[in-house]
Amino acid sequence: MKSIAIGAHLLRDDVEPLAEAVPVGDLFLSALSVADDQPLGDRELLLQVAGIRAKLLDVATFIAIRYGFAFTSAEEARSKCGAHLERWRRVLTANRDHVEMTLKVAASSPEARPDRHAFTSGAEYLRALHAATQAANVDPAFREAAERLIVPLARRHRWSHRDEKSVELTALVARERLDEVKQAGEELRRIAPHVPFLLSGPWPLEVFADDDHE
Amino acid sequence: MNEELEELPLLETLDHLLDRGVVIAGEAVISIGDVDLLYLGLNIVLANVDAVMRVSKR
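Parameters at a glance
Residues numbered from 1 in each chain as written. Chains lettered and ligands numbered in written order. Predicted model: local features only at pLDDT ≥ 70, side-chain atom pairs only at ≥ 80, totals over all residues. Heavy atoms only, no water. Helix = DSSP H or I, 4+ residues; strand = E, 2+ residues; numbered from the N terminus. Buried < 20%, exposed > 50% of the residue type's maximum accessible area, 1.4 Å probe, protein only. Polar contact = N/O pair within 3.5 Å; in protein donor to acceptor, adjacent residues only side chain to side chain. Pairing = 2+ DSSP bridges. Domains from an automatic or database assignment. Contact = heavy atoms within 4.5 Å. Buried area = accessible area lost by both parts, 1.4 Å probe. Salt bridge = Lys/Arg side-chain N within 4 Å of Asp/Glu carboxyl O.

A. Region of interest: the environment of Glu 147 of chain A. All names here are of chain A. With respect to the secondary-structure elements, Glu 147 resides in helix H5 (residues 140-149). When its relative accessible area of 31% is taken as the criterion, Glu 147 is described as partly exposed. With 39 residues separating them in the primary sequence, Glu 147 and Glu 186 have C-alpha atoms 14 Å apart. Within the local environment of Glu 147, its side chain forms a polar contact with the side chain of Trp 159, the two groups lying 2.7 Å apart.

Okay, structure coming up:
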């Protein structure tokens, strides 16, 4: 059997009985055990992990581990996570009552994705991909409205370019303010019906998982 | 929460699962069928495009 890591948690009770709790230092990894020959790209497995993730977040905030990290023993998990544990504890302690909300906004003038076949150098392709991603921009009026409505509700926020067709605002929000964020999303829909966007969440600590400064 | 998850577009849910969160040093193979799609073995590849570009110039 192998275990697929889902998140890092402060307490065993934050994990069990929804998932296997694997001690790493004084923290716990949530994990799902599968057969050694189980392909990690299996659609049903992906959906199962996504479902467990959502249920775990209902219990307590945790640090999301990007899908794909699997281990065969607790010792292996401990050795590979060891360098992160001190920071994880600080982040989890500081943000136990906070979750992330994501506002994905369609770029106002999306760039064409570079055609990888047009490049003879991988580095040149990566540069072109990076340039196209960074060039994506949000309608200035929408951005102003999003910052006016959502940012004041957040402990921290970050705009990020994830691809060439959209820009994201991630907000670290107290759980008790989630309804206010959703109302802000409805207000954005009302004042900017021409801008396609998706407000989603709550999500575990993903963007702010490595961000432990207060 | 589960109802909300089901209402979210599937792509958004999978995007968060596959492309967010902490990357652990190690190895993983994401496969569909018998085809390995992605081999995660180098932190540098997983860091970000900027990091890859910096190293490619060395």
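B. Here's a closer look at helix H2 (residues 10-19) of chain B. For H2 of chain B, the complete set of buried residues consists of Glu 12, Thr 13, Leu 14, His 16 and Leu 17 of chain B. Just downstream of H2 of chain B lies Gly 21 of chain B, where phi reads positive at about 95°.

C. Spotlight on the pairing of strand E8 (residues 166-174) of chain A. All names here are of chain A. Burial within E8 is extensive, with 9 of its 9 residues counted as buried. The alternating pattern of E8 places Ser 166, Glu 168, Thr 170, Leu 172 and Ala 174 and Val 167, Leu 169, Ala 171 and Val 173 on opposite faces, both of which are buried. Here strand E7 (residues 154-161) pairs with E8 via 7 bridges, running antiparallel. Residue Arg 156 lies in a different strand from E8, and its bridge partner there is Leu 172. Hairpin connection of E7 to E8: 4 residues between the antiparallel strands.

D. Structural view of the domain arrangement of chain A. Residue and element names in this part refer to chain A. Assigned domains within chain A: domain 1 (2-94) and domain 2 (98-203). In this structure, domain 1 and domain 2 have C-alpha centres spaced 27 Å apart. Contacts between domain 1 and domain 2 engage 6 residues on the former and 6 residues on the latter. When domain 1 packs against domain 2, close to 420 Å² is buried across both sides, 37% of that on carbon and sulfur atoms. Of all residues in domain 1, the largest losses of buried area upon contact with domain 2 belong to Leu 57, Thr 61 and Ala 94, amounting jointly to 84% of the total for that side. Applying the counting rule to domain 1 against domain 2 returns 0 salt bridges.

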